[in-house]
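Topology and contacts: notes
Next come the chains, spelled out residue by residue.
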Amino acid sequence: METFIGKPVKRREDARFLKGAGRYTDDIKLPKMTQAAFVRSPYAHAKILDVNIEDAQRGDGVVAVFTAQDGCGTFGVPCGWQVDFKNGETMREPQHPLLAKEKIKHVGEAVAIVIAETLEQARDAAELVKVDYEGLPAVTDPGKAMEPGAPLVHDQWSDNAAFDWCIGNDRTEVEAALASAHHVTEMEYRNQRLAPNAIEPRSYIADYDVNAGKWTLYTSTQNPHLIRLLLCAFVLGIPEHKVRVVSYDVGGGFGSKIYHYTEEALLTWASKEVGRPIKWTSDRSEAFLTDAHGRDHVVKSRMGFDKEGKIVAHLTDEYCAMGAYLSTFAPAVPTYLHGTLFQGVYTTPLIHLNVIAPFTHTVAVDAYRGAGRPEATYLLERMISKAAKEMDMDPAEIRFRNFIPPFDGVEQAGYQTQVALQYDSGNYEAVLKRGLEMLGYEDFRKSQIAARKNGKLLGVGISTYIEGCGIAPSAVVGSLGARAGLYEVGAVRVQPTGKVSVFTGSHSHGQGHETVFAQFVADKLGIAMDDVEIEHGDTDQVAFGMGTYGSRSLSVGGSAIIKSVEKILEKGAKIAAHKLEAAEEDLEYAEGKWTVKGTDKSISFGDVSLTAYVPHDYPEGLEPGLDFSSFYDPTNFTYPFGAHIAVVEVDSDTGRVVLKRFVACDDVGNVMNPMIVDGQIQGGVVQGIGQALLEEVIYDESGQMTSGSYMDYAMPRADDVPMIETDRTVTPCPHNPLGVKGAGEAGAIGSTPAVVNAVVDALSHLGVTDIQMPLSPQRVWKAMNNGR
Amino acid sequence: MIPAKFDYIKVSSIGEAVTLLDKHGFDSKILSGGHSLIPAMKLRLSRPELLIDISGISGMDGISEEGDKIVVGANCTHQKIASSKLVKEHLNILAQTAGCIGDVQVRNRGTLGGSLAHADPASDYPATVLACDAQIIAEGKNGSRTIAATDFFQSIFTTALADDEIITSVRFPKVANGNYQKFFQSASRFAVVGVAVVKEGDAVKVGITGVSDTPYRASAVESAYDGGSSAAAKAVHGVEVMSDHFADAEYRSHLAKVYVKRALEA
Ligand SMILES: Cc1cc2nc3c(=O)[nH]c(=O)nc-3n(C[C@H](O)[C@H](O)[C@H](O)COP(=O)(O)OP(=O)(O)OC[C@H]3O[C@@H](n4cnc5c(N)ncnc54)[C@H](O)[C@@H]3O)c2cc1C
């Protein structure tokens, strides 16, 4: 019988994607649907003196124009995570209005919505809305936002801090260890702001059905149930059971589509006002200005080492931008998703991170592929490579000296870090060894020396990362300020014919759930993959769900499905025992049938299913049907890890970096579909390369975004990257049924510092010790020339 | 990204286009490949009331050999130029230039005439048109005239074309020894620096785009040329060098020298 787990099964969903037959929100056209356009502020910080909508209301085809003076003016979208100040003061949480009323707080903030028969008419009428602004000075850099006298984003507070926070050992203890360390490595830099750039822009259709008194919101989201909950209970105060949120195909999210956006709520409100469906699809310019961004940390760090190169202490201070308002998960990103990873894969005995999270006159910053862990990894991996250089050690060797020894989480206990988490299982030496082997590290070092003699600037960079994913035990995150639980729901409905429908609260927006989930369900039930269908993205179909982010779908969502599969098999065994006139204990289940051990008496899964729905000859007292739903709340995070190694050549005349090779050896636990894992790693690596070499959101002094198009925001392209060479070690996760850890973000977490380390390595003999990301040709050239 | 309202007429002759241009003046725009104009219209930076589509005019997209000249119709796409046997044989520098514009989709739509008329300071063709001493043939209500490349580019997005004129073709001398070298901007892939070099005996002609707001002939390089590449040091002599986030004036000047050197040595 054919099995599927561990095989590179081709993705089922690709047939419709490749044929252009995906069902994206913008593809949906409802009868009588109207189109919306927003009037957005060109100012980063301004008083709104007047909004005149009279001309717009008279525009061709205009159905309605709303401003904050209308009923929607009282609503605001909430933040989903609370991080209070160290001194106990509650997190400063400004209202995030659906439309700006008195003040503008970032470029692109919406002032009015125009609803018209056609998109063209909506756009034309939007231009007729006259807004009088009084421009005010802005601050966009998180460090500068905390300087005395900085323009305030929210006047009700005395400074721009939303909260501050720290984690790890006592600061004075860490300071003391640094003071007596043999060597101290220091770095100051900015982990630059990035725009997620999903290929499908955000798109929403809100449809209020007057007769049924029900709303349907079609939305390009990563978590439909959470959107419904926030929308109903926390924004509009409408009954949750009368709202259906649908999110069919979504063209990438990378975090930016986790959050509940103002436009979703405003459209939902407005569709009842106008009594018609309303569609809005962001264009690329709006996406740059209004999708939540990632990163934007200003970092100052010191790491102390003993003579052998062992880390003795690590102290970091960061300013982490929140943007103008607190987005859904924003406070968690530079704190619980970041500081908790400061142990890395090393035995560092003393760690302290202090974070100040200021408001800035920019769009919000929230989780973006990796969410806090890429920033932590970048810091650790740059610091340890820099230290190796300063202490004249090999960057691989210094890592081997610092690694936490292998532990499987079963025989050996999990590893308790200095920063709250307990790692599940890990073997960091093995993964780096394999990575070095893949690269041919020794030989590379030889060829590097030869190349330098010929004036070629070759460099190699290593990064050994760990990340925490599979979020998360609800009680743990609850104690850390999460306002939601982070379990997942998985239901398995066996149809009378033995065909299986699986309903998951996870949401696929490129990950391939329809394939992978069917692979393991088919195997566990011993049936064909074609007999399993995966349903997701519709709150009317799936009981509940927390959605997809934090590489949680397989480890949390998959585990919930497994629980339901187990319940199916348990109940099926009762029916089988009855039909086979045997005791349950005497049955074994394999290849889709129950067999009485040691006999050839058996009954198939299909026959048992039919019996469950046609219960004529049936166990007494047993309910008919074969349909179970389960909630799975994980007992711990999962901790994938790996070694990424980059080889670069720098053009000595221009500073342009060419990536020659990229080796990624990852350990994501057990692998369900190696082709999909390779794809996830490769895509993530390219995104990480994008941060290292190309991408940067730039706000100028006045708060204007000067990188708001692909003319100015450099995305990685196919010809910017070499073939990504992937391999894996396998250290199963000890605490979930599939032994899986997650692979969605690893690539983006491990890769960035590998590339930067490689460039610095290529230029180290010229005196270069660090270069600010992205490593544009200009920055590299300047670094080379100041170093001379 | 929805343009403001506009009318659209597809013309079938140059005369028709010129008449419409003359009649509607500033409110109208010629549409060729649309790969500069349409993006600007979608951002509503450009709001013509009438688009005069010249892509259907017959005879404007040919490439022919006329004695020692190669004549390229204004409506020739970058792709057609890059892959033309005639161009590759007699004017390879132009094929090379066209081949490094944008990507395949852009090259399949964008045209020589459109690019020259648009006069984006980061566009590629101007360097080559200047280095080749090409002639731009324009037709307006007063008939046809020939504009020397060196007179054509006047400043940023500004050319010698009169309001009622359209480019009909570009006349290039055949070039035996020339090449184009480009340092592309990471996001847009336009030229941060583009250098075209045409060698004729002991002399060299050097066209540079991307560096200044107007593409120019690097006459200081040309007069210092000694057969080697040391003259590259004069690449930005007497030129006001542009500065932006990707390349400030210092770095851009440096790149210009590097690319002139590379083009001289190629
Ligand atoms: C993604 C992308 C990447 C690009 N990359 C590059 C690059 O690397 N290098 C580069 O050089 N360019 C690049 N371009 C620009 C591209 O080459 C354009 O095609 C070109 O600049 C304009 O040609 P067009 O035929 O599309 O002109 P259109 O967009 O149709 O017109 C441009 C302007 O010229 C006028 N016009 C058009 N034809 C004529 C004519 N015959 N006579 C008079 N006026 C005319 C129009 O009225 C308009 O003002 C890129 C464009 C895009 C969209």
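Given the structure is predicted, the values throughout are model-derived calculations rather than measurements.

Scanning chain A for helices and strands turns up 19 helices and 30 strands. Relative to its length of 788 residues, chain A is compact, with a C-alpha radius of gyration of 27 Å against a globular reference of 28 Å. Dimensions of chain A, computed from the C-alpha atoms along their principal axes, are close to 85 × 75 × 50 Å. Within chain A, the proportion of its 788 residues that are buried is 58%. In chain A, the proportion of contacts linking residues at least 24 apart, taken out of those at least 6 apart, comes to 80%.

This brings us to the overall build of chain B. Along the backbone of chain B there are 11 helices and 14 strands. The dimensions of chain B, computed from C-alpha atoms along their principal axes, are 55 × 45 × 35 Å. The buried share of chain B, taken over its 266 residues, is 48%. Contacts in chain B between residues at least 24 apart in sequence constitute 61% of all its contacts with a sequence separation of at least 6.

Residues and elements named next belong to chain A. Their axes nearest at 11 Å, the elements helix 6 (residues 224-236) and helix 7 (residues 262-274) cross at an angle of 70°. Our classification of the angle between helix 6 and helix 7 gives roughly perpendicular. Of the two possible hands of crossing, helix 6 and helix 7 adopt the one that is right-handed. Each of I227, L231, V235 and L236 in helix 6 lies in contact with helix 7, whose residues at this interface are E264, A265, T268 and W269. Per-class residue counts for the contact of helix 6 with helix 7 are six nonpolar, one polar and one charged.

Quoted interface sizes are often the accessible area lost when the parts come together. Residues and elements named next belong to chain A. Per the domain assignment, the segments of chain A are domain 1 (14-136 + 199-252 + 257-290), domain 2 (384-470 + 638-787) and domain 3 (487-632). Placing a centre on the C-alpha atoms of domain 1 and another on those of domain 2 gives a separation of 38 Å. With eight residues of domain 1 at the contact, the number on the domain 2 side is seven residues. Considered class by class, the residues forming the side of domain 1 that touches domain 2 number four nonpolar, three polar and one charged.

This next bit is on the sheet that holds strand 22 (residues 500-504) of chain A. All names here are of chain A. The four strands are arranged 23-22-21-27 in an open sheet whose pairing can be described as mixed. Both outer strands of the open sheet, strand 23 (532-536) and strand 27 (627-632), are each paired with one neighbouring strand and no more. Looking at each pair of strands side by side, their axes are set apart by 20° on average, direction ignored. Its contacts with the sheet put helix 15 (residues 553-580) on strand 21 (488-494), strand 22 and strand 27, and the angle it makes with strand 21 is roughly 35°.

Residue and element names in this part refer to chain A. Of all eight residues that make up helix 3 (residues 119-126), six are buried, and the element is covered over most of its length. For helix 3, the set of buried residues is Q121, A122, R123, D124, A125 and A126. Elements in contact with the buried residues of helix 3: strand 1 (34-40), helix 2 (54-57), strand 3 (62-67) and strand 7 (110-116).

What follows deals with the site of the ligand. All names here are of chain B. Lining the immediate surroundings of the ligand are 31 residues, of which G33, G110, G113, G114 and A117 lie closest. Listing elements by their share of the shell around the ligand, those giving two or more residues are strand 2 (28-31), helix 2 (37-42), helix 6 (104-109), helix 7 (112-118) and strand 10 (166-173). Looking at which element gives the most residues to the shell around the ligand, the answer is helix 7, with five residues. Residues that form the shell around the ligand fall into these classes: 13 nonpolar, 13 polar and five charged.

Paired through their backbone hydrogen bonds, the strands of a sheet run either parallel or antiparallel. Residues and elements named next belong to chain A. Overall, mixed pairing links the four strands, which are arranged 20-28-29-30 in an open sheet. Where the open sheet ends on each side, the last strands, each with one partner, are strand 20 (457-466) and strand 30 (724-728). Strand after strand, the sheet turns through a mean of 15° between neighbouring axes, direction not considered.

Here the focus is the interface of chain B and chain A. Every contact between the two is made by 13 residues of chain B and, on the other side, 19 residues of chain A. Here the side of chain B that touches chain A gets three residues from one element, more than from any other, and that element is helix 11 (residues 249-265) of chain B. Counted by class, the side of chain B that touches chain A contains nine nonpolar, three polar and one charged residues.

Looking at the assigned domains, one finds that chain B contains domain 1 (7-53), domain 2 (63-173) and domain 3 (178-265). Distance between the C-alpha centres of domain 1 of chain B and domain 3 of chain B: 33 Å.

With 324 residues, the main nonpolar core has A112(A), I113(A), V114(A), V521(A), V755(A), V759(A) and V260(B) as its most contacted residues. When residues in this core are grouped by element, the largest group, 11 residues, is from helix 18 (residues 746-763) of chain A. The residues contacting V114(A), other than those within four sequence positions of it, are A36(A), A37(A), V39(A), A56(A), V62(A), V65(A), A122(A), A125(A), A126(A) and V129(A).

For the rest of this paragraph, the subject is the pairing of strand 20 of chain A. All names here are of chain A. Among the 10 residues of strand 20, 10 are classified as buried, and the element is accordingly described as predominantly covered. Where strand 20 and strand 28 (residues 641-650) come together, 10 bridges link them in antiparallel fashion. Looking at the pairing, G461 lines up with A646 of strand 28.

The subject of this paragraph is the pairing of strand 21 of chain A. Residue and element names in this part refer to chain A. For strand 21, the buried fraction is high: six of the seven residues fall into the buried class. Pairing geometry for strand 21 and strand 27, over six bridges, is antiparallel. Paired with A491 across the strands is S629, a residue of strand 27. Where strand 21 lies against strand 22, five bridges are found, and the strand directions are antiparallel.

A separate point is the packing of helix 15 of chain A against helix 16 (residues 605-613) of chain A. To characterise two packed helices, one gives the angle between the axes of the helices and the distance between these axes. All names here are of chain A. Two numbers describe how helix 15 lies on helix 16: the axes approach to 10 Å, and their chain directions differ by 95°. The angle between the axes of helix 15 and helix 16 places the two elements in the roughly perpendicular class. Where helix 15 abuts helix 16, its residues G572, I575, A576 and K579 lie against F605, V608, T611 and A612. Residue composition of the contact of helix 15 with helix 16, by class: five nonpolar, two polar and one charged.

Moving on: helix 6 of chain A. Every α-helix carries 3.6 residues per turn, so stepping three or four residues along brings you back to the same face. Residue and element names in this part refer to chain A. L230 marks the point of greatest bend in helix 6, at about 30°. Along helix 6, 10 of the 13 residues are buried, which leaves the element largely enclosed by surrounding structure. If you check which residues of helix 6 are buried, you get P224, H225, L226, I227, R228, L229, L230, L231, C232 and V235. Close packing links the buried residues of helix 6 with strand 4 (76-77), strand 12 (214-219), strand 13 (243-246) and helix 7. At the exit of helix 6 stands G237, carrying a positive phi of roughly 65°.

Take unusual backbone geometry next. Residue and element names in this part refer to chain A. Residue I471 is joined to A472 through a cis peptide bond whose omega torsion reads -5°. Inspection of the secondary structure assignment puts A472 in the loop between strand 20 and helix 13 (474-479). Omega for the bond connecting M773 with P774 falls within 30 degrees of zero, at -10°, which places this linkage in the cis form. Relative to the assigned elements, P774 resides in the loop between helix 18 and helix 19 (777-787).

On to the environment of E200(A). Residues and elements named next belong to chain A. With respect to the helices, strands and loops of the structure, E200 is situated in the loop between strand 10 (183-194) and strand 11 (203-209). In the structure, E200 is positioned 174 residues away from D26 in sequence and 9.2 Å away in space, judged by C-alpha atoms. Setting aside its immediate chain neighbours within four residues, E200 contacts Y24, S220, V250, G251 and G252.

Residues and elements named next belong to chain A. One can find A195 in the loop between strand 10 and strand 11. A195 gets classed as buried once you count the C-beta atoms within 10 Å, which come to 24. It is 26 Å that separates the C-alpha atoms of A195 and A472, two residues lying 277 residues apart in sequence. Apart from residues lying up to four places away in sequence, A195 is in contact with F288, D291, H293, V697 and Y713.

Here G550(A) shows up in the loop between strand 23 and helix 15. When neighbours within four sequence positions are excluded, G550(A) is seen to be in contact with A371(A), C469(A) and I471(A).

What counts, and at which threshold
- Each chain carries its own residue numbering, running from 1 in the written order of its sequence.
- Key to labels: chains lettered from A, ligands numbered from 1, both in the order written.
- With the structure being a predicted model, the display of local features is reserved for residues of pLDDT at least 70 and the display and counting of side-chain atom pairs for 80 or more, all residues being used for whole-chain, interface and lining totals.
- In this text, helices come from DSSP runs of H or I with a minimum length of four residues, and strands from runs of E with a minimum of two, each type numbered from the N-terminal end.
- Atoms counted for the radius of gyration: C-alpha only. Globule rule: 2.2 Å times the number of residues to the power 0.38.
- Exposed residues have 12 or fewer other C-beta atoms within 10 Å of their own C-beta, buried residues have 20 or more, and residues in between are partly exposed; the C-beta atoms are placed from the backbone.
- Whether two residues are in contact is decided by their C-beta atoms, placed from the backbone, lying within 7 Å.
- Whenever a helix is involved, its axis is fitted only over the stretch in contact; in every case the axis is a line through C-alpha atoms, and angles between N-to-C directions fall within 0 to 180 degrees.
- Each angle receives one of four descriptions, namely roughly parallel if under 35 degrees, roughly antiparallel if over 145, roughly perpendicular if within 65 to 115, and oblique otherwise.
- A clockwise turn of the near helix away from the far one marks a right-handed crossing, whereas an anticlockwise turn of less than a right angle marks a left-handed crossing.
- Here the nonpolar group is Ala, Val, Leu, Ile, Met, Phe, Trp, Tyr, Cys and Pro; Asp, Glu, Lys and Arg are the charged ones; every other residue, Gly included, is treated as polar.
- The source of the domain bounds is an automatic or database domain assignment.
- We treat two strands as partners when DSSP finds at least two bridges between them.
- Residues are counted as near a molecule or strand when the C-beta atom, derived from backbone positions, lies within 6 Å of that molecule or strand.
- What we call a nonpolar core is a set of buried Ala, Val, Leu, Ile, Met, Phe, Trp, Tyr and Cys residues whose membership is set by joining through C-beta atoms within 7 Å.
- Consider a residue and the seven residues that end there alongside the seven that start there; fitting an axis to each set, the bend is the angle between those axes.

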